[in-house]
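# Observations on the three-dimensional arrangement
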Amino acid sequence: MSPIDGVDRRNLLRGGVTAAALAALGPLDALGARTAGAAPLAKLPASPDYGPLHPVRDATTGLELLRLPRGFEYLSYGWTGDVMSDGIPTPGAHDGMAAFRRGDGKISLVRNHERGGYTGAFTTPAYNPAATGGTTTLVFDPDAGAFTDSWASLSGTIRNCAGGPTPWGTWLTCEETTELGPDGTRHGYVFEVPHTGKGDPRPLRQMGRFSHEAVAVDPATGIVYLTEDATPSGLYRYLPTVPGELAAGGVLQMLVIPTADSSSYSTYTDGTGTEYRDLTWVTIDNPDYAPGEVRPALQGAASGGAVFRRLEGAWYGNERIYIVSTSGGPAGQGQVFEYDPAAERMRVLFASPDAAVLNNPDNICVSPRGGIVLCEDGSSGEYLHGLTTDGVIFPFALNQVVIPTGGVPGKTVAAGDYSGSEWCGSTFDPRNGNWLFVNVQSPGITFAITGPWRTGSL
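Residues numbered from 1 in each chain as written. Predicted model: local features only at pLDDT ≥ 70, side-chain atom pairs only at ≥ 80, totals over all residues. Heavy atoms only, no water.

A few words on the overall build of the chain. Within the chain, the secondary structure is distributed over three helices and 29 strands. Scored against the burial criterion, the 458 residues of the chain give a buried share of 59%. With an accessible surface of roughly 16000 Å², the chain has 51% of that area assigned to carbon and sulfur atoms. (Helix = DSSP H or I, 4+ residues; strand = E, 2+ residues; numbered from the N terminus. Buried < 20%, exposed > 50% of the residue type's maximum accessible area, 1.4 Å probe, protein only. Areas by Shrake-Rupley, 256 points an atom, 1.4 Å probe, with all protein chains shown as cover.)

Moving on, we come to the packing of aromatic side chains. Applying the stated criterion to the full structure yields 22 aromatic pairs. With centroids separated by 5.3 Å and ring planes inclined at 90°, the aromatic side chains of Tyr-50 and Phe-72 adopt a geometry described as edge-to-face. Within this pair, whereas Tyr-50 is found in the loop between α2 (27-35) and β1 (53-56), its partner Phe-72 is found in the loop between β2 (66-69) and β3 (73-77), the two being separated by 22 residues in sequence. Between the aromatic rings of Tyr-77 and Phe-147, the centroid separation amounts to 4.4 Å while the plane-to-plane angle is 10°, which identifies the pairing as stacked. One end of the pair, Tyr-77, is in strand β3; the other, Phe-147, is in strand β7 (residues 146-157), with 70 residues separating them in the sequence. Ring-pair connections join several aromatic residues into one group, and the members of that group are Tyr-50, Phe-72, Phe-394, Phe-396, Phe-428 and Trp-453. Directly above the ring of Tyr-189 sits Arg-205, whose terminal nitrogen or CZ lies 4.9 Å from the centroid. (Phe/Tyr/Trp six-rings, centres within 6.5 Å; stacked < 30°, edge-to-face > 60°. Lys NZ or Arg CZ within 6 Å of the ring centre and 35° of its normal.)

To continue, consider the nonpolar core. Within the largest apolar cluster, 53 residues are counted, with the highest numbers of intra-cluster contacts made by Leu-68, Phe-396, Phe-447, Ile-449 and Trp-453. Not counting chain neighbours up to four residues away, the residues in contact with Trp-453 comprise Tyr-50, Phe-72, Arg-369, Phe-396, Phe-428, Gly-433, Asn-434, Trp-435, Leu-436 and Leu-458. (Core = buried A, V, L, I, M, F, W, Y, C linked by side-chain atoms within 4.5 Å. Contact = heavy atoms within 4.5 Å.)

Let us now look at the sheet that holds strand β11 (residues 212-217). With antiparallel pairing, the five strands of this open sheet are ordered in space as β11-β12-β13-β14-β16. On the outer flanks of this sheet lie β11 and β16 (280-283), each paired with one strand and no other. Within the sheet, the average angular offset between the axes of one strand and its neighbour, ignoring direction, is 35°. With four bridges connecting them, β11 and strand β12 (residues 224-228) associate as antiparallel partners. Within β12, the position partnered with Ala-216 by the bridge is Tyr-225. (Pairing = 2+ DSSP bridges. Axes fitted to C-alpha atoms, helices over the stretch in contact; angles between N-to-C directions.)

On to the side chain of Asp-429, then. Note on placement: Asp-429 falls in the loop between β27 (423-428) and β28 (435-440). One buried charged residue, Asp-429, forms no salt bridge at all, with the nearest opposite charge on Arg-431 at 4.6 Å. From its side chain, Asp-429 meets the backbone nitrogen of Arg-431 in a polar contact 2.7 Å long. Apart from residues lying up to four places away in sequence, Asp-429 is in contact with Ile-107, Pro-142, Pro-368, Asn-434, Trp-435 and Phe-437. (Lys, Arg positive; Asp, Glu negative; His and termini not counted. Salt bridge = Lys/Arg side-chain N within 4 Å of Asp/Glu carboxyl O. Polar contact = N/O pair within 3.5 Å; in protein donor to acceptor, adjacent residues only side chain to side chain.)

The next point concerns the pairing of strand β21 (residues 361-366). Of all six residues in β21, six are buried; the element is thus mostly enclosed. As defined by bridge partners, β21 adjoins strand β22 (residues 372-376) across four bridges and the pair is classed as antiparallel. If you follow Pro-361 over to β22, its bridge partner there is Glu-376. Here β21 hands over to β22 after five residues, with Gly-370 in that stretch at a positive phi of 100°.

Another aspect to go through is unusual backbone geometry. The omega torsion of the bond from Thr-231 to Pro-232 falls at 0°, within 30 degrees of zero and hence cis. With respect to the element layout, Pro-232 can be found in the loop between β12 and β13 (236-240). Here the bond from Ser-442 into Pro-443 is cis, since omega is 15°, no more than 30 degrees from zero. Located in the positive-phi region is Arg-310, a residue other than glycine, with phi close to 45°. Of note, the phi angle at Glu-344 is positive, near 55°, even though the residue is not glycine.

The six strands are arranged β1-β2-β24-β23-β22-β21 in an open sheet whose pairing can be described as antiparallel. The open sheet has two free edges, formed respectively by β1 and β21, since each of these has just one partner strand. Here the average twist between neighbouring strands, direction ignored, is 30°. Both strand β23 (residues 383-387) and strand β24 (residues 393-399) contribute to a ladder of five bridges, which runs antiparallel. Pairing of Tyr-383 across the sheet is with Leu-398, part of β24.

Looking now at the environment of Trp-168. Within the element layout of this structure, Trp-168 appears in the loop between β8 (160-165) and β9 (170-175). When the C-alpha positions of Trp-168 and Pro-219 are compared, they lie 9.0 Å apart, and in sequence the two are 51 residues distant. Beyond its immediate stretch of four places on either side in the chain, Trp-168 contacts Glu-192, Val-217, Gly-244 and Leu-246. Engagement of the side chain of Trp-168 in a polar contact is seen with the side chain of Thr-170, the distance being 3.2 Å.

Time to look at the environment of Glu-376. By secondary structure assignment, the location of Glu-376 is in strand β22. In this structure Glu-376 comes out as buried when scored by relative accessible area, which is 1%. As for Glu-376 and Asn-360, which are separated by 16 residues in sequence, their C-alpha atoms are 5.9 Å apart. A distance of 3.1 Å separates the side chain of Glu-376 from the side chain of His-385, its partner in a polar contact.

Pasting the structure below:
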């Protein structure tokens, strides 16, 4: 039975799962089997592979800013206010980020800054010279374990939240807003930033104007999948006229989960294991909508497009697109969707049964070894979560950023407890996966983490 392979499929895994059955499943299937319809799970105190979390000193400052499993270490860089190689102070509100291989063996990181307000762009080129958001670019030497360079790469935007890397070596930075600037400038667009230099201040208008969150590009087709941080929101795809040349134009479409009466399907409360088949897409006729006109999600829903609750993170990996709904699922604590673009199928890979298990995930990435990292943006205890090789969710890192009275020598960040700040921008070293880069949004710090990844699922 299409739209969803029978509503009863939502309860398919509720009857209990034996150890033998779990052993026969892949790691992500096992995750669904363990959690679908289960009573609230106690969060594992530690990874079965990597072990419990312990305070670890930052190699840069000597402060115990993170808790990690034994054997892992890290350094910090690019704190808010740090002067970059181009002489510009590092903007705050670090957010989405991606890593790119460079020709010299080093790694480029393009990093978002989710800043609002209209007190002036921090660099040129600038889309709106009054707007304060944008991106910065960092260079990391993985052999030396050191950052070597940094510069401002785009500004004049607002609330650059997430985005995503492209197979052709650019970062798509997304404005999570549809506000108008004081001069009437429209915001709510996607911009393209090469990892080697400065970004293009011209918005990719045909990719839609809405509260963009993240993008993921299928390298087999060049199709760009886009999420929207709103409720109701849509899952979109952009069909470029010329793959790899997004500015040449294209068509924006919204996902349709078929229903018997062709009405819009709501995924809001779907739990782990829910499957969606025979998926189609509906074209958004007015993607760059003006104030007073109907926004894209409502255009799509009126034509049968499916609606979601606050779609945020998105990432391509394992030949799949992984998508996060921050507040979806039966408990309202988050869903992770897995979309197969070749088969036009999707499923709820994981829906958090309780805040103690996973509390409002946001950004997501996939390691080169196939494991998933979820950045938590919850109400208490900010964790990075991973999935074990047999499908159990576990805490990998804990934010313990506390700046002591008097501050940190050489830093402008004020003293205070920042342990409640969200994780953002997780991304692995694309060369060999030996480094995980991730941000803590406030006070604004980028971390490079390394250790025995291959002993566990990440």
